[in-house]
Amino acid sequence: MPTEQTREEESKDLFFQKLENLAREMIDTHDKDFAMGALILTARWIAEDRIVKVAKAS
């Protein structure tokens with residue numbers, strides 16, 4: 001019996017779909033090595049707090 005996803009799970013799935021589409025676009029435009037490098041560099045920036053959170057509008 002399938003269980004319904006929570007809002008958070010649905011949101012995370014949507015982000016993974018967006019990441020997949022972005023990765024495919026980078027691969028199609030450049031190559032696999034570029035896409036992997038860009039995503040790894042982005043992960044490093046996140047780990048180093050170099051990407052600033054954008055305040056959510058209330």
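This report concerns the structure included in the present document. All of these numbers come straight from a predicted model, not from anything done at the bench.

Scanning the protein chain for helices and strands turns up two helices and zero strands. In terms of C-alpha radius of gyration, the protein chain reaches 15 Å, well past the compact-globule figure of 10 Å for 58 residues. Counting only C-alpha atoms and orienting by the principal axes, one finds that the protein chain spans roughly 40 × 30 × 20 Å. By residue count, 5% of the 58 residues in the protein chain fall in the buried class.

Let us now look at a nonpolar patch on the surface. Together, Phe-16, Leu-19, Leu-22 and Leu-39 make up an exposed nonpolar region whose accessible area comes to about 370 Å². The biggest single contributor to the nonpolar patch is helix α1 (residues 7-29), with three residues. Judged by relative accessible area, which is 34%, Leu-39 ranks as partly exposed.

Of note, the phi angle at Asp-49 is positive, near 55°, even though the residue is not glycine. Mapping Asp-49 onto the fold places it in the segment after α2 (32-47).

The subject of this paragraph is α2. Helical geometry: 3.6 residues make up each α-helical turn, so side chains three or four residues apart lie on a common side. Look at α2: 23 Å from first C-alpha to last across 16 residues, which is about the 22 Å you get at 1.5 Å a residue. The first or second residue beyond α2 is Asp-49, which carries a positive phi of 55°.

For the rest of this paragraph, the subject is a negative patch on the surface. There is a patch of like negative charges on the surface, built from Glu-4, Glu-9, Glu-10 and Asp-13. Position of Asp-13 among the secondary structure elements: in helix α1.

Calculation rules
Residues numbered from 1 in each chain as written. Predicted model: local features only at pLDDT ≥ 70, side-chain atom pairs only at ≥ 80, totals over all residues. Heavy atoms only, no water. Helix = DSSP H or I, 4+ residues; strand = E, 2+ residues; numbered from the N terminus. Rg over C-alpha atoms; globule rule 2.2 N^0.38 Å. Buried < 20%, exposed > 50% of the residue type's maximum accessible area, 1.4 Å probe, protein only. Patch = residues over 30% accessible without salt bridge, like charges linked within 9 Å, V, L, I, M, F, W, Y side chains within 5 Å. Areas by Shrake-Rupley, 256 points an atom, 1.4 Å probe, with all protein chains shown as cover. Salt bridge = Lys/Arg side-chain N within 4 Å of Asp/Glu carboxyl O. Expected span 1.5 Å × (residues − 1). Lys, Arg positive; Asp, Glu negative; His and termini not counted. Charge placed at Lys NZ, Arg CZ, Asp CG, Glu CD.

As far as function goes, none of this settles anything; it's purely spatial.
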